[in-house]
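Architecture and fold: a report
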Amino acid sequence: CWWVAVRVRHGYLFLVGRCGLLRVGLPLEEVLEVTDLGTVRPGPSPIPSMRGGTLARGHLVPIFHLGALLRGGTIGVNANSAGVLVDVQGNSICLEVDEADFVSDGERLPVPPGESMPWATSVVRRPEGLIPILNLSALAERLAEAQPIS
């Protein structure tokens, strides 16, 4: 998997990843590292999108399949998955993605009225559609409540 840091107007940087057909931007200031998942240790969780845990930076961190977390449903297995280690309110978690997508430029816009993106802080409009920018604070709140985001 490849990731690209993209400079958007007004100096905003984000990483764009693909989970199935879903493309999501991750705020670069909260991205700690992009890595191969390595060994995944399964474990019990009330959250269906949690794959288990993995060692990252000397600590065991939980892995969540980003597509399943945002859309609900089951976790697909992709041997080429990558992990994005992010800082969520002082805690590290790993978000599993299928592959990278490249974006060249765009302006951050509010989520359009009528769009159901409770997990997005903003969007970037591209010719191929909107790319939501993930709200990691909202994600942390949902994970703390042990409820899948829908």
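To be clear, the structure that these remarks concern was listed above.
Residues numbered from 1 in each chain as written. Predicted model: local features only at pLDDT ≥ 70, side-chain atom pairs only at ≥ 80, totals over all residues. Heavy atoms only, no water.

1. What to know about the side chain of Ser-81
Along the chain, Ser-81 turns up in the loop between helix H1 (66-71) and strand S7 (82-88). Given a relative accessible area of 8%, Ser-81 falls into the buried group. A distance of 2.9 Å separates polar atoms of two side chains, one belonging to Ser-81 and the other to Glu-96. (Helix = DSSP H or I, 4+ residues; strand = E, 2+ residues; numbered from the N terminus. Buried < 20%, exposed > 50% of the residue type's maximum accessible area, 1.4 Å probe, protein only. Polar contact = N/O pair within 3.5 Å; in protein donor to acceptor, adjacent residues only side chain to side chain.)

2. Overview of unusual backbone geometry
Unlike most non-glycine residues, Arg-57 shows phi in positive territory, near 55°. For Arg-57, a relative accessible area of 52% puts it in the exposed group. Backbone geometry at Gln-89 places phi at a positive 50°, although glycine is not the residue there. Considering the arrangement of structural elements, one finds Gln-89 in the loop between S7 and strand S8 (91-97).

3. Focus: the pattern of salt bridges
For the structure shown, the criterion picks out 2 salt bridges. Across the salt bridge formed by Arg-57 and Glu-33, the nearest N and O atoms sit 3.0 Å from each other. Pair noted here: Arg-57 is in the loop between strand S5 (50-56) and strand S6 (59-65) and Glu-33 is in strand S4 (residues 31-36), with a separation of 24 residues, a long-range link. Relative accessible area serves as the criterion here: at 28%, Glu-33 is assigned to the partly exposed category. A salt bridge links Arg-51 to Glu-96; the nearest nitrogen and oxygen atoms lie 2.5 Å apart. Here Arg-51, found in strand S5, pairs with Glu-96, found in strand S8; they are 45 residues apart in sequence, far enough to count as distant. What makes Glu-96 buried here is its relative accessible area of 2%. (Salt bridge = Lys/Arg side-chain N within 4 Å of Asp/Glu carboxyl O.)

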